[in-house]
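# Geometric and topological summary
Residue-level listing of the chains:
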Amino acid sequence: MFDISFYKGKKVFVTGHTGFKGSWLCKMLVNAGAEVTGYSLNPPTNPSLFEIADIASYIHSVIGDIRDYEALKSAFDEAQPEIVLHLAAQPIVRDSYKDPAYTYETNVMGTVNILECVRSNNCVKSFLNVTTDKVYLNKEWVWGYRENEKLDGYDPYSNSKSCSELVTHSYKRSFFGDGHVAISTARAGNVIGGGDFANDRIIPDCIRAAQKHEDIIVRNPYSTRPYQHVLEPLYSYLMIAAMQYEDGRYADYYNVGPDDVDCFQTGALVDLFVRKWGEGMKWVDRYDGGPHEANFLKLDCSKLKATFGWTPHWNLDPAIEKVVEWSKCWMSGGDVRACMDRQIEEFMGR
C-alpha cells in the first residue's frame, strides 16, 4: 500500500481546493504533513465542506478564478510547488447545458493556464490533471473503457474535459518531452462521500431529503454508474503524483474507478442508502425528461491495477455507511473534522 507520508514536507499546489473533492484532498495532505497552497473560487455550495471542516485554517488558501492567468500565476510563483494537483472545474453536466461558454472557459482554458504556470517555473516535478470518466466517446456498451479509447464527450461538461485531456497531452509532448516534469491525467468515475452538497447529484439529493424528512426524488433510476467513495480516487491521485515524482516512467493516463460489482443503477444505489439511513426513508421515481446524460458508463481500471498493484479499498456498502456516518455527525452538530480524520485513518488501514 502506498505510504501517504511521502508528502510530509512537500510543497503541493491544489486547484479547486474549496470543492468537495478538493476539501477531502487537502485534509489528506495536511494530515500527511504537506505544505498546501490552494487556488479556487469561493466554495461552490452553501453549506460547503470547505467551511464546515475549516480547511482554510490548515493551508494557504487563495481565492481566485482559474481563468485569471495573472492571479493564478501570482499565487503559483509565491508557492513554488513541487507537486501540482489540478481539480478546478465546472463539474456539473446539467449546468454545462445552461452555460457552456463558462464551462469551456473554466475546464479548457483553466487547464491551459495552470500548465502555463508549470511551464514558466522550474520548481515542479509532478503534475496531475484530474478529469472524468465522461471524457470517452460513449457507445453505451457493456464493457469498460480503456485509456486508449477515443475521447469525445457528448455534453459541454464531458466534452470540455475531453479537451482538457487533449490540452494536457499536447503540453506534455510540446514542452515537457524531456521528462523534467512528470505529467499524468486521471479519469475518475462518480464519487460519493460526506460533505457533498452539489446540485443534481443523487447522494446529496438523498441527504437533503433526509434533512427535510421527505421522500427522495430520483429522476433516472435506470442509469448505471460506477460509484466509489471519494477517498478512493483521491488516494489514487496522490499515489500517481508521488510515484511519477520518484520515477517519470509512471507518467501516463489512468482510469480510476471501482470494480464491476460497484456499477449500480441509480435506483439500486438509493435503495442501499435508504437501508443504511433507516428512519423510514423511501424514494419515488420522478423522471423529468432532462437533457441527455449517458445511461451506461464504466471504466476498465486494469492499467492502474497492473502498474501500481492498486485495488479498491471499500466497496459501495461501506462507502454508503461512511456517507451516512459523516452526514448524521454533521446534522447532529458533531465534530466533522474528527469524523473525517477517522475515516481517512480507517481507509488507510491504520
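Residues numbered from 1 in each chain as written. Predicted model: local features only at pLDDT ≥ 70, side-chain atom pairs only at ≥ 80, totals over all residues. Heavy atoms only, no water.

## Observations regarding the overall build of the chain
Helix and strand counts for the chain come out as twelve helices and twelve strands. Computed over C-alpha atoms, the radius of gyration of the chain comes to 19 Å, within 12% of the 20 Å expected from 2.2 N^0.38 for 350 residues, which places it in the range of a compact globule. Seen along its three principal axes, the alpha-carbon backbone of the chain occupies a region of about 60 × 45 × 40 Å. Scored against the burial criterion, the 350 residues of the chain give a buried share of 58%. A separation of at least 24 residues holds for 81% of the contacts in the chain among residues at least 6 apart in sequence. As displayed, the chain offers around 14,200 Å² of accessible surface, 48% of which is attributable to carbon and sulfur atoms. Across the chain, the centroid of the 37 positively charged side chains sits 2 Å from that of the 47 negatively charged ones. (Helix = DSSP H or I, 4+ residues; strand = E, 2+ residues; numbered from the N terminus. Rg over C-alpha atoms; globule rule 2.2 N^0.38 Å. Buried < 20%, exposed > 50% of the residue type's maximum accessible area, 1.4 Å probe, protein only. Contact = heavy atoms within 4.5 Å. Areas by Shrake-Rupley, 256 points an atom, 1.4 Å probe, with all protein chains shown as cover. Lys, Arg positive; Asp, Glu negative; His and termini not counted. Charge placed at Lys NZ, Arg CZ, Asp CG, Glu CD.)

## A few points about the sheet that holds strand β5 (residues 126-130)
Strand order in the open sheet made by the seven strands is β3-β2-β1-β4-β5-β6-β10, with parallel pairing throughout. Edge positions in the sheet fall to β3 (60-63) and β10 (253-256), since each of these pairs with one other strand and no more. Between one strand axis and the next, the sheet turns by 15° as a mean value, whatever way the strands run. In the packing of helix α3 (residues 69-79) onto the sheet, the strands contacted are β1 (11-15), β2 (35-40), β3 and β4 (83-86), and the crossing angle to β1 comes to about 165°. Of the strands in this sheet, β5, β6 (182-188) and β10 touch helix α6 (residues 156-175), which is tilted by about 165° from β6. (Pairing = 2+ DSSP bridges. Axes fitted to C-alpha atoms, helices over the stretch in contact; angles between N-to-C directions.)

## A look at the sheet that holds strand β7 (residues 190-192)
With respect to topology, three strands assemble into an open sheet ordered β7-β9-β11, the strand pairing being mixed. Strands with a single pairing partner mark the edges of an open sheet, and in this sheet they are β7 and β11 (263-265). This sheet shows a mean twist of 50° between the axes of neighbouring strands, independent of strand direction. Here three bridges tie strand β9 (residues 224-229) to β11, and the two strands are oriented antiparallel to one another. Of the residues in β11, the one forming a bridge with Thr224 is Gln265. Each of β9 and β11 touches helix α9 (residues 266-277); the most contacted strand, β11, lies at about 90° to it.

## Points about the pattern of salt bridges
All told, the structure shown has 20 salt bridges when counted by the stated rule. Across the salt bridge formed by Asp317 and Lys276, the nearest N and O atoms sit 2.8 Å from each other. Placement of the pair is Asp317 in helix α11 (residues 316-331) and Lys276 in helix α9, with a sequence separation of 41 residues. Judged by its relative accessible area of 34%, Asp317 is partly exposed. (Salt bridge = Lys/Arg side-chain N within 4 Å of Asp/Glu carboxyl O.)

## Digging into the side chain of Thr106
Note on placement: Thr106 falls in helix α5 (residues 100-119). Once residues within four sequence positions are removed from consideration, Thr106 is found in contact with Ile66, Arg67, Ala89, Gln90 and Thr111.

## Examining α11
The first and last C-alpha atoms of α11 sit 22 Å apart over 16 residues, in line with the 22 Å expected at 1.5 Å per residue. Of the residues making up α11, those classed as buried are Leu316, Ala319, Ile320, Lys322, Val323, Val324, Trp326, Ser327, Cys329 and Trp330. Two to three positions downstream of the cap, the backbone nitrogen of Asp317 sits 3.1 Å from a side-chain oxygen, assigning the N-cap of α11 to Asn315. In the segment just after α11, Gly333 is the residue with positive phi, at about 80°. (Expected span 1.5 Å × (residues − 1). Polar contact = N/O pair within 3.5 Å; in protein donor to acceptor, adjacent residues only side chain to side chain.)

## Looking at the packing of helix α1 (residues 20-32) against helix α12 (residues 336-347)
Look at α1 against α12: their axes get within 11 Å of each other, and the N-to-C directions meet at 75°. With respect to α12, the element α1 is oriented roughly perpendicular. For the pair α1 and α12, the contacting residues are Trp24, Lys27, Met28 and Asn31 in the first and Arg337, Met340, Asp341, Gln343 and Ile344 in the second. Of the residues that constitute the contact of α1 with α12, the class distribution is four nonpolar, two polar and three charged. (Parallel < 35°, antiparallel > 145°, perpendicular 65-115°, else oblique. Nonpolar A, V, L, I, M, F, W, Y, C, P; charged D, E, K, R; others polar.)

## A look at helix α8 (residues 231-246)
One turn of an α-helix holds 3.6 residues; hence residues three or four places apart share an orientation. Look at α8: 22 Å from first C-alpha to last across 16 residues, which is about the 22 Å you get at 1.5 Å a residue. Of all 16 residues that make up α8, 14 are buried, and the element is covered over most of its length.

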